[in-house]
Amino acid sequence: MAGSFNVFRRYQKTALAGLAIMAMLAFFVLPPLLQMGESGFGPGDHIVVRWNGGSLRKSSLERAVFLRKALNKFLVSLRAEATGEQGMEPPLLEDEKTVVDTILMAQEAEANGIVVSDTVINDFLGMLTENMVTPEQIQGIIAGYPREARITETALLDALRDVILGQRLQVLFLGGTGFASAPPGWRWDAFRKLEQSATVEVVPVVVESLSGEVPAPSNATLEKLYAQYASDLPRARSTTPGFREPARVRYDALIAGADLFVAEAEAAVTDEEIAKFYEENKEDLFKKESQPSAGDGAAKEVDAAEPVGEDAREPGAEKTQDANAPASTAPSDKPAPPSDDAPAKEEPAKDNEASSDDGAAIVSGSIRQVAFRQPDGGLELPAETPPGTPVPDSEGGDSDGGASAKADKDPPLEFEPLDKVRDDIRKQLARQAADRKLVDILGSVTARIAGHSDDVELAIGLGERVPPTPDVMKIAADNGLEGLRSDFVTPAEAAAAGGIGRSFTAPARGMRPQLWASLVPDPAMPRFRPVFSRDIAGVRYLSWKVEDRPQFTPPLSEIKPEVERVWKLLEARPLAKKRAEEIVAAAKDKTLGEAVAGREGTEATTVGPFTWLTRGTAPFGSPPTLSDPDGIEMAGEKFMETVFSLEPGETAVAFNEPETVCYAIRLLSFEPQDETLRERFRDSATDPRRLATLAEGETLEVYERWLADVESRSGVTWVRAPR
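Residues numbered from 1 in each chain as written. Predicted model: local features only at pLDDT ≥ 70, side-chain atom pairs only at ≥ 80, totals over all residues. Heavy atoms only, no water.

1. Regarding the overall build of the protein chain
For the protein chain, the count of helices and strands is 19 helices and 20 strands. Expressed as a percentage of the 723 residues in the protein chain, the buried residues total 34%. A separation of at least 24 residues holds for 71% of the contacts in the protein chain among residues at least 6 apart in sequence. Counting every atom, the protein chain has about 44700 Å² of accessible surface; 53% of that belongs to carbon and sulfur. (Helix = DSSP H or I, 4+ residues; strand = E, 2+ residues; numbered from the N terminus. Buried < 20%, exposed > 50% of the residue type's maximum accessible area, 1.4 Å probe, protein only. Contact = heavy atoms within 4.5 Å. Areas by Shrake-Rupley, 256 points an atom, 1.4 Å probe, with all protein chains shown as cover.)

2. Focus on helix α11 (residues 271–285)
Between its first and last C-alpha atoms α11 spans 18 Å; for 15 residues at 1.5 Å apiece the expected length is 21 Å, and the helix comes up short by more than 12%. Along α11, the helix axis deviates most sharply at E279, where the bend reaches about 45°. Those residues of α11 not exposed but buried are I274, F277, Y278 and N281. For α11, the elements touching its buried residues are α12 (418–462). (Expected span 1.5 Å × (residues − 1). Bend = angle between axes of the 7 residues up to and from the residue.)

3. Comments concerning the sheet that holds strand β19 (residues 661–671)
The antiparallel open sheet is built from four strands, whose spatial order is β15-β3-β19-β18. At either end of the open sheet lies a strand with only one pairing partner, and these are β15 (605–611) and β18 (651–655). Adjacent strand axes in the sheet meet at a mean angle of 35° when their direction is disregarded. Pairing of strand β3 (residues 197–206) with β15 involves five bridges; the strand directions are antiparallel. Directly across from A198, in β15, lies its bridge partner F610. (Pairing = 2+ DSSP bridges. Axes fitted to C-alpha atoms, helices over the stretch in contact; angles between N-to-C directions.)

4. Description of the packing of helix α3 (residues 58–83) against helix α5 (residues 118–129)
Packing of α3 against α5 leaves a shortest axis separation of 8 Å and a crossing angle of 50°. With respect to α5, the element α3 is oriented oblique. Note on element contacts: α5 touches α3 through F124, L125, M127, L128 and T129, opposite F74, L75, L78, R79 and A82. Per-class residue counts for the contact of α3 with α5 are eight nonpolar, one polar and one charged. (Parallel < 35°, antiparallel > 145°, perpendicular 65-115°, else oblique. Nonpolar A, V, L, I, M, F, W, Y, C, P; charged D, E, K, R; others polar.)

5. As for the pairing of strand β4 (residues 248–256)
Burial within β4 is extensive, with eight of its nine residues counted as buried. When β4 meets strand β14 (residues 540–549), the two strands line up antiparallel, connected through nine bridges. Its bridge partner being in β14, R248 is matched across the sheet by R549. As judged from the four bridges shared by β4 and strand β11 (residues 482–485), these two strands associate in the antiparallel manner. Paired with L254 across the bridge in β11 is G483.

6. Topic: the packing of aromatic side chains
Under the counting rule described, the total for this entry stands at seven aromatic pairs. On the basis of an interplanar angle of 25° and a centroid distance of 6.1 Å, the ring pair of Y226 and F243 is categorised as stacked. Of this pair, Y226 sits in helix α9 (residues 219–229) while F243 sits in the loop between α9 and β4, and the two are 17 residues apart along the sequence. Consider the rings of Y251 and W516, whose centres lie 4.9 Å apart with planes at 70°: the pair is edge-to-face. Taken together, the residues Y251 in strand β4 and W516 in the loop between β12 (504–505) and β13 (531–534) connect sequence positions 265 residues apart. Overall, Y251 belongs to the buried group, its relative accessible area being 8%. Owing to a relative accessible area of 0%, W516 belongs among the buried residues under this scheme. One aromatic cluster is present, built from ring pairs that chain together F610, W612, F644 and F670. We note R192 situated over the ring of F670; from NZ or CZ to the ring centre the distance is 5.1 Å. (Phe/Tyr/Trp six-rings, centres within 6.5 Å; stacked < 30°, edge-to-face > 60°. Lys NZ or Arg CZ within 6 Å of the ring centre and 35° of its normal.)

7. Brief notes about the nonpolar core
Counting 36 residues, the largest nonpolar core has L71, F74, L78, L125, I151 and L156 as its most contacted members. Those elements that place two or more of their residues in this core are α3, α4 (96–111), α5, α6 (135–143), α7 (153–174) and α19 (689–714). Considering every element that reaches this core, the biggest residue donor is α7, with nine residues. Discounting chain neighbours no more than four positions away, the residues touching I151 are R63, F66, L67, A70, I142, Y145 and L156. (Core = buried A, V, L, I, M, F, W, Y, C linked by side-chain atoms within 4.5 Å.)

This is how it looks when you write it as structure tokens:
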């Protein structure tokens, strides 16, 4: 013991000095480190979103969004590697709210006992790639990410696991919804909404026209109304106001007129190019229409029952097959070749000829269109056919068993003279050249902007400085295009402005066009992602989002007149309803038009016929939407419910959806009547597709309410609005 104590005394000065240094570190250095946040987060790395049992800081959320974008790129690359398809749209949304919703649904799925194993992930990737991508190719795709991005196979597959977990939870939740589980009463109501039309007489009472009868509010009243709706966004069809400014975006665009570069290209077209085009295409494009000969007196009529010969085929019908292509795309009826053990079966000698199901005769590797499919037993002559009459053969010529040739020779083909079509050819060649030049320019700019987009995303993911934005006006000037820098706009504002706002994308094969206003101005759209679109006038656009402006709430002092106007509108609604009820009461034994006759500013109109729901111009298979009859401003569900609950001659009062207009309503008629409608309903049982699409629309509404409930139960709170 004494020895140990002596050792301590020998080194006590050194030990006390060390303790003093540690105390100084604890007192002066440790508190600032702790104030920097958990796990070394910087002072600006605050919590953005929190929920029960979890939260994400700014850096963590940015990393999660960056990983979602990397997962999208991974899935698109896999699909392209498997099928060769390029330009596939990313399958997953990349905005912050969607990323957080995926995390919440994955946690909800795990809490309900759902498990996604590695086998499930491999099966999913196998279906995505049709089992055409090897593990080595997958590793090559992952190796293509920059090393600084720290994108690993484990990180990508874990992100994919969360997505699949959420999707499996959705499938389980939606399993009891849809058309198959709909009771008969729901089906009848749905059928009536789609098939029965109403015609009504209405008198509108505009709420704002009565706001002058509302006394001015006090400052305290306005402050209370502002506080109640300061965090709500305005919505066109909402009954409640919103004083928060919506998210807006600013975009850049290049504009190419429909005739850009055409005049320049037309001047460069040579006579040699015109002559070459004429010679190469004259049989397809410049053949004169056949005229009856003078000796015939009239064109010979061809009996529809006769097979049409080779000379009657359309120009360009004969195509040379690729040497490696099968002889026909139609299913083959030929038996499989005999095995080595089976004796070969002798077949009668035949020409190298087959017949496809669509009437195309395949002869010696070429495809020739035939007017009608020939009978399997070949052609037979009528019994009264005189001997020696030429027989049409399968190639469209005439045959008498190989002993005779065609009796008449076809007249020589006649073509429009070159001088007559020279100008048309020049314009066509010029437009083709102009299009090629424009495609080259836009392709080059697209590659530049896409590269800048990758640089921006990488810089954000690594926390580095974002590179400067390309100058769209300089790009336009350098390439002979028109440049556009937009103000901050919402998608609706962009669409209403026309021009690029009304343009649409050129879709990939099998896909429908998308409206430009639903892509670039969408706050969820990544910045600097190039989008090519065009409008109905042929003007072409290349655009990309440059900047997002998040939602914000202006102070009351800046929008006080608007808050007062809204308060008066809310207070005037009872006055409008009372006015409409007075009109209905006055029309007890007469029409609404007779009831309001002589009242200044009040007029009855007839509206309809209209159905409750409509498909409008939506393609078949898409869910129907609520009708918007001409003469009714934003009718809404309650308005329709009121109308279709009446009997002809009955009256009622109903607001439109945003409750800005109150209507006095008198039902004139239904078409068809219920008895006829019931007969159609019974007949429709064999084709439930129309009602099934309606069920899909209602299922989507159920899903959105369920997702909102998941967020509510999880206690999701955004410190700032999601981007």
